[in-house]
Amino acid sequence: MLIEREKELGQLAALIEAAGRGQGAAVQICGEAGIGKSSLIQRLLSRLPEGWRAASGGCDALYTPRPLGPVRDMSGTLGPEVQALLEGSDRPQLFNAILDAISRGNGPMLMVWEDVHWADHATLDLLRFLGRRIAFLPLLLVLTYRDDEVDAQHPLARGLDELPSGVLHSVPLRALSPKAVSVLARKAGLPGDWLYQKSQGNPFRVTEMLAAGQTGAEKLPGSVREAVTVRQGQLPGGALELLELISVIPAAVPAALLRHLGGEEALAMAQDLTAGGILQASAAGDFRFRHEIARIATLERIPAKLRRAHHARILEALRGMEATAPLDQMVHHAAGALNAGAVLAIAPEAASRAAANGAHREAAGHLGTALRFVDEAEPETAALLHERWAYESALAARIDDEVLDARRHAITLWRLLGRQDKVGENLRWLSRMHWYRGEAPEAARYADQAIRVLESIPPSAEQAMAYSLRAQLHMLNDQMEEAVHWGERALALEADFPNPELRAHALNNIGTALIFRGRREGEALLRESLAVSLANNLHEHAARAYTNFAEYAVEFRHFALAEEIIAAGIAYDVEHDLDAWTYYLTGRLALLRMEQGRLGDAATIAGAVTAREKLTLVVRLPALLVQARAAMRMAAPDAAALMEQAYADAMATDELQHIVPARLTLIEHAWLTGHRALAIEHLDALFALSDGDRHPWNIGERAVWAKRLGREAEGVDVGSLPEPFRLELDGEMEAAAAAWRALSMPYAAALVGLQSDDEAELGETVGQLQAMGAEAAAAYARRRASELGVTSRLPRPRRGAYSAARDHPLGLTKREQEVLRLLARGCSNREISETLGRSPRTVEHHVSAVLAKLNAQNRMAVMLRVQNDPWLLQPEA
């Protein structure tokens, strides 16, 4: 009997009504074990409106969860395409097939995922995928979990945090009131105070206490465990043995498994136990305990030796089921039986299937289970287990010392086995992992070791990839000639060992190295790398091509190209849920806006990235460097703290691409504030790095700052510098400022104008700086004017907080911004027309303009973009 849940059912009914109109949502139903989550779901299903589809699935408490457990349970409802793709390795295709099954089906859908506190990594990825799109789906996604088992560090908590706040609703369940418990107790002829004291209003405990109190008669149970034991004690011996046997299975028990365990008699007993309210059966004919609490209470009274025997018996039964046996359960029971041979045979295969579904954390879990028995493995098997566990752990965003040690252990074993090819492969992976950790010297050292080892044996694709990795490391450290050398060696080998991933990687390294030396032929190589990546669905490589191309376009001041590449790259990254690449590229968009003199836009865009928690240093640093410089130029209160953090983080990477802009910010700030000695200190540090820096725009920056600070820029070939720097160094200040303006860089032009002694030009420059909100440089100009005695000729300083008038960061008009807000809320064209009082045709034109400026193919893409970049929704005037 479901009581005291009408409020919650009302909340769910309202969400169902909205989802029926195509405005979907996710809802979390949470509470402690036994609080009534499943009972509420059953009542919800019984009230589902006509024309709705329903699909249910759950997660299990296996040692390592089933990849996409809820989807496997409901795959029959989702259709044959989803069923087929579940056994494949194309996860994006699977997720899109699930999306199609929801959006193109006959009627809206209620999808229930139970016990998601046990969810695997792939299920949480699917949750994020659906959650970001659900506002436009006819779907109510119901998630149940135990909130007392989910802390802030739990994977589920992090997954829920990534959902858009507007689509995630919460229905927490509370205990029954003393009054409700007393009513139930009186109906059973039991004392209400006793029942509430023992159950604390937990519905499952209430039910079990009531059942045990009636069957126990002379003695009331003192705990839920005792109540379960008392109730089961009334059963015939065969039924009790069956309950204890299946209590070691933390998942649904298929009828086929029951037959393997005890024939038709076991199946008949399960059906009787279901009728008695101890087990429950699904529509598919699977059985499980009516509640996990009862299963645990049953399991805990079984002696350890007998548990192992039960695990062994179930493992043998699963083996008898052949192809239908779930590998995840087989690993669980093999480990429970302490059967090392079975674990070492089954766990690697289970890991491969998990990895194929994108469940890398679960793949690492299976391999970790195997490593518990690694002492009984042959050396080659042990080496493979160590390297595979390290690989899957790294893909699951874990690169700690334990992962590095596993690679080193694998290297030791492969050396003992004389497998130099595997030694080289693992050395290359060590290099890559150290780079991800921001440890550039270690990355370079292991890359060199890998090449030496792999060059001692016949050529291979692995040797080519080691060359390409070396090219990448050189490119990242602005050692472009070396990058081209190693990249071309990689491509030469790739001709003998064709591999799209290797080709895309090497072309990217060579192309990037060339264009950063000002050689435009590198653009063709980068475009080819991008084309190879897109054609072969190499998402990470495509994202890397977009990112490197965008960096070049911004840093070499090809702003039209930058607008094109950044727009396409962000759209691609958002579409494929490549968050890290999205935020990194957004940092480059912020840099573009800053170089265009749009300081407020730059600070807004960069701040939206740095405000996100749990981003890696490499991902957030480009945005932080922009945020610090923009804040410094605007004389923002947090400028000093931001510059300090950006400098510390840049130095930690030991990469010129970060160190140079961090020091240039400090030089500019010191110059503007009159701290010449500090500016010279950072300038000298940059010149000390100049042997490794061939970036012509970086060289030009150093040279003009040396001139402004009265220093010699030794070794600089002025004639080879970009035009604006060359003109300033030649003393042609007016022409230099004009050259900057021709590049659409008004702030750089203003810095040139600040050095003028002409009062009219100085006054004009101050006006330009104030229009940009560049208060630090404006203050510098006022001090110079005071020294020249022309202060009265300058524009008046602005009073109070100032925000420069500006357009939308992506050029949306005010009307288009209004349309964007309504699109983000899921409004149709008709609703937008009614809200804004504009004709449907006019609204259609506005919507098309918004889609074009956001580089979005449809409304869902707009929603995804806004979720990633909330700064797109500018505050209403």
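Worth saying up front: this structure is predicted, and the values here are computed from it rather than measured. Here the residue numbering is sequential within each chain, running from 1 through the sequence in written order. Confidence filtering applies because this is a predicted model: local features only for residues at pLDDT of at least 70, side-chain atom pairs given and counted only at 80 or more, and all residues used for totals across whole chains, interfaces and linings. Computation of side-chain values: all heavy atoms of the structure, hydrogens and water removed.

Q: Teacher, can you tell me more about unusual backbone geometry here?
A: Residues apart from glycine generally show negative phi values, whereas peptide bonds are mostly found in trans. For Asn 537, which is not glycine, the phi torsion reads 55 degrees and is therefore positive. Numbering of helices and strands starts at the N terminus; helices are DSSP runs of H or I of at least 4 residues and strands are runs of E of at least 2. Position of Asn 537 relative to the elements: it lies in the loop between helix H26 (522–535) and helix H27 (539–555). Although it is not a glycine, Ser 744 adopts a positive phi angle of roughly 65 degrees.

Q: Help me out: how do you make sense of the nonpolar core in this one?
A: Judged by nonpolar contacts, the single largest core of 145 residues is most densely connected at Ile 566, Leu 672, Leu 754, Leu 769, Ile 832 and Leu 854. Here the element with the most residues in this core is helix H31 (residues 617–633); it accounts for ten residues. Throughout, a residue-residue contact means that at least one pair of heavy atoms, one from each residue, lies within 4.5 Å. Apart from the residues within four sequence positions on either side, Leu 672 is in contact with Met 632, Tyr 747, Leu 754, Ala 776, Ala 777, Tyr 780 and Arg 783. Ranked by size, the runner-up nonpolar core spans 139 residues in total, among them Met 74, Met 111, Val 403 and Leu 413. Among buried residues, the Ala, Val, Leu, Ile, Met, Phe, Trp, Tyr and Cys ones that are joined through side-chain atoms within 4.5 Å form a nonpolar core. Whether a residue is buried, partly exposed or exposed follows from its accessible area with a 1.4 Å probe, protein chains only, as a fraction of its type maximum: under 20%, in between, or over 50%, in that order.

Q: Help me understand the packing of helix H33 (residues 656–672) against helix H34 (residues 676–688) in this model?
A: How two helices sit against one another is set out by the angle between their axes and by the gap between those axes. Between N-to-C directions, angles span 0 to 180 degrees; the directions come from axes that are lines fitted to C-alpha atoms, helices contributing only their stretch in contact. Relative orientation of the contacting elements H33 and H34 amounts to 160 degrees, with a least axis distance of 8 Å. As summarised for this structure, H33 and H34 are arranged roughly antiparallel, according to the angle between their axes. Of the two possible hands of crossing, H33 and H34 adopt the one that is left-handed. When H33 is examined against H34, the residues Val 660, Arg 663, Leu 664, Leu 666, Ile 667, Ala 670 and Trp 671 are found in contact with a partner set consisting of Arg 676, Leu 678, Ala 679, His 682, Leu 683, Ala 685 and Leu 686. Just so you know the grouping, Ala, Val, Leu, Ile, Met, Phe, Trp, Tyr, Cys and Pro go in nonpolar, Asp, Glu, Lys and Arg go in charged, and all remaining residues, Gly too, go in polar. For the contact of H33 with H34, the residue count by class is eleven nonpolar, one polar and two charged. We call two directions roughly parallel when the angle between them is under 35 degrees, roughly antiparallel when it is over 145, roughly perpendicular when it lies between 65 and 115, and oblique otherwise. Working rule for handedness: look at the near helix, and if it is turned counterclockwise from the far one by less than a right angle, call the crossing left-handed; if clockwise, right-handed.

Q: Mind showing me how you'd approach the sheet that holds strand S4 (residues 139–145) here?
A: Two modes of strand pairing occur in sheets, parallel and antiparallel, and in both the strands are linked by backbone hydrogen bonds. Reading across from one edge, S2-S3-S4-S1-S5 is the order of the five strands in this open sheet, with parallel pairing throughout. Edge positions in the sheet fall to strand S2 (53–58) and strand S5 (168–172), since each of these pairs with one other strand and no more. Across the sheet, the axes of successive neighbouring strands diverge by a mean angle of 20 degrees, strand direction being ignored. The pairing criterion is simple: DSSP has to find at least two bridges between the two strands. As judged from the six bridges shared by strand S1 (residues 25–30) and S4, these two strands associate in the parallel manner. Within the sheet, the bridge partner assigned to Ala 25 lies in S4 and is Leu 140.

Q: How should the pattern of salt bridges be read in this particular structure?
A: Close approach of charged atoms allows side chains with opposite charge to pair. Between Lys or Arg on one side and Asp or Glu on the other, a salt bridge is scored when a side-chain nitrogen of the former is within 4 Å of a carboxyl oxygen of the latter. By the definition in use, this model includes 51 salt bridges. Notably, a salt bridge pairs Asp 579 with Arg 128, separated by 3.0 Å at the nearest N-O pair. With Asp 579 in helix H29 (residues 579–595) and Arg 128 in helix H6 (residues 121–131), this residue pair connects regions lying 451 residues apart in the sequence. Residue Asp 579 shares its accessibility class with Arg 128, and that shared class is buried. Between Arg 815 and Glu 818 there is a salt bridge, and its shortest N-O distance comes to 2.5 Å. One end of the pair is Arg 815 and the other is Glu 818, both in helix H41 (residues 814–824) and three residues apart, which spans about a single turn. Under the relative-accessibility criterion, Arg 815 is labelled partly exposed at 24%.

Q: Can you help me understand the packing of aromatic side chains in this one?
A: Between rings of Phe, Tyr and Trp, where Trp is taken as its six-membered ring, a pair exists when centres lie within 6.5 Å; planes separated by under 30 degrees are stacked, by over 60 edge-to-face, and by other angles tilted. Counting across every chain of the model gives twelve aromatic pairs. Ring centres 5.5 Å apart and planes at 90 degrees place the aromatic pair Phe 516 and Phe 556 in the edge-to-face group. Of the two residues, Phe 516 sits in the loop between helix H25 (500–515) and H26 while Phe 556 sits in the loop between H27 and helix H28 (559–575), which places them 40 residues apart along the sequence. Among the residues examined, Phe 516 registers a relative accessible area of 7% and is labelled buried. Here Phe 556 falls in the buried class, since its relative accessible area comes to 6%. Here Trp 697 and Phe 725 contribute two aromatic rings whose centre-to-centre distance is 5.6 Å and whose plane-to-plane angle is 70 degrees, an arrangement assigned as edge-to-face. Taken together, the residues Trp 697 in helix H35 (residues 696–708) and Phe 725 in helix H36 (residues 723–729) connect sequence positions 28 residues apart. For Phe 725, a relative accessible area of 2% translates into the label buried.

Q: Just to check I follow, could you spell out helix H30 (residues 599–610) for this structure?
A: Helical geometry: 3.6 residues make up each α-helical turn, so side chains three or four residues apart lie on a common side. A helix is expected to reach a length of 1.5 Å times the quantity of its residues less one. If you check H30, its first and last C-alpha atoms are 16 Å apart, about what twelve residues at 1.5 Å a residue would give, namely 16 Å. Taken as a whole, H30 has its buried residues at Leu 599, Asp 601, Ala 602, Ile 605, Ala 606, Gly 607, Val 609 and Thr 610. In this structure, the buried side of H30 is in contact with H29, H31 and helix H39 (759–772).

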